[in-house]
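# Notes for the structure review
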Amino acid sequence: DAGVTQSPTHLIKTRGQQVTLRCSPKSGHDTVSWYQQALGQGPQFIFQYYEEEERQRGNFPDRFSGHQFPNYSSELNVNALLLGDSALYLCASSFRHSAEAFFGQGTRLTVV
Amino acid sequence: QKEVEQNSGPLSVPEGAIASLNCTYSDRGSQSFFWYRQYSGKSPELIMSIYSNGDKEDGRFTAQLNKASQYVSLLIRDSQPSDSATYLCAVNGLLRGATNKLIFGTGTLLAVQP
């Protein structure tokens, strides 16, 4: 049973560029949430996708957008990258009515 | 006041001792509580879930929940050097449509000394 998978694992981008991160949820899960974890901090909720719709977003600007596909996989897009966007981006999958979430291995984004 | 508060540590315990990690939360409506373990450079791994008041035991781990005091803790018995990691407390925040998001504390760094 495959767990949550994310790609790529590491990424280096230049300030102002755009990036797309990908996530495949755990088998049987239909909900994908994205989190940003800065060094020394807990993960911060970016947004959640269920039934191909964004259900709610956290305190992140519109430069952060996402998508969920019919097979429940998801993408996180960040436009106009800033140095402060450097962080570990985590995808978590869950089943809709369960708060229990499982994380992928994360994508380490470095903006230079 | 932060929504979920943890002591950042480091909490240093000798091998074989009991490690006690604590967490308080501000939203009385929270229903689900989780402990994640995060090794340096890795992603969080779910180790305990607790939903009702009292204790829940799983191997060397015991989670304790007191909703009246808005307090959740994690006890690790017979601590091993391999338990050295950051422990994140997470509380559910209900979203529209009965889906959930997690609100995390900043984590407590545990160091088990051989």
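Please refer to the structure higher up on the page.
Residues numbered from 1 in each chain as written. Chains lettered and ligands numbered in written order. Predicted model: local features only at pLDDT ≥ 70, side-chain atom pairs only at ≥ 80, totals over all residues. Heavy atoms only, no water.

## Thoughts on empty space enclosed by the protein
The test is simple: Think of a 1 Å grid over just the protein atoms. A cavity is a set of points where a 1.4 Å probe fits yet cannot get out, a pocket is an open set with protein on both sides within 12 Å along at least five of seven lines, and lining residues have an atom within 4 Å of a point. Grid points are joined across faces, edges and corners, and a volume is the space filled by probe spheres set on the points. Helix numbering and strand numbering both begin at the N terminus, where a helix is a DSSP run of H or I of at least 4 residues and a strand a DSSP run of E of at least 2. Each residue receives one of three labels: charged for Asp, Glu, Lys and Arg, nonpolar for Ala, Val, Leu, Ile, Met, Phe, Trp, Tyr, Cys and Pro, and polar for the others, Gly being one of them.
Per the counting criterion, the structure on display carries 1 cavity of 30 Å³ or more. Put simply, the largest cavity is a space of about 60 Å³. Of all elements in the fold, only strand 4 (31-37) of chain A together with strand 10 (100-104) of chain B reach the threshold of two or more residues within the lining of the largest cavity. Of the residues belonging to the lining of the largest cavity, the class tally is 4 nonpolar, 7 polar and 2 charged.

## As for the nonpolar core
Threshold: What makes a nonpolar core is a set of buried Ala, Val, Leu, Ile, Met, Phe, Trp, Tyr and Cys residues whose side-chain atoms join them at distances within 4.5 Å. Each residue gets one of three labels from its accessible area relative to the maximum for its type: buried under 20%, exposed over 50%, partly exposed in between, using a 1.4 Å probe on protein chains only. Note on contacts: a residue pair qualifies if any of its non-hydrogen atoms lie within 4.5 Å across the two residues.
By size, the foremost hydrophobic cluster in this structure holds 24 residues, and its most contacted members are Trp35(B), Val72(B), Leu74(B), Ile76(B) and Tyr87(B). Apart from the residues lying within four places of it in its own chain, the contact partners of Val72(B) are Leu21(B), Asn22(B), Cys23(B), Phe33(B), Trp35(B), Ile50(B), Gln64(B), Leu65(B) and Cys89(B). Leu11(A), Leu21(A), Val78(A) and Ala87(A) belong to the second-largest nonpolar core, a separate cluster that totals 20 residues.

## Focus on the interface of chain B and chain A
Selection rule: Each of two parts loses accessible area, computed with a 1.4 Å probe, when they are put together; buried area is these two losses added. Salt bridges, as used here, are contacts in which a Lys or Arg side-chain nitrogen is within 4 Å of a carboxyl oxygen on Asp or Glu. Each polar contact in these results corresponds to two N or O atoms within 3.5 Å; when the atoms are within protein, one needs to be able to donate a hydrogen and the other to accept it, and residues that are neighboring in sequence are counted only if both atoms are side-chain atoms.
Taken together, the 23 residues of chain B in the interface contact 25 residues of chain A. Of the roughly 1,900 Å² buried at the junction of chain B and chain A (both faces included), carbon and sulfur atoms supply 53%. Our count for the contact surface shared by chain B and chain A stands at 0 salt bridges. In this assembly, chain B and chain A are joined by 5 residue pairs in polar contact (both at pLDDT 80 or more). Put simply, the parts of the chain that give the side of chain B that touches chain A at least two residues each are strand 4 (33-38), strand 5 (45-50), strand 9 (85-94) and strand 10 of chain B. Here the element with the most residues in the side of chain B that touches chain A is strand 10 of chain B; it accounts for 4 residues. Across the side of chain B that touches chain A, the residue classes tally to 10 nonpolar, 10 polar and 3 charged.

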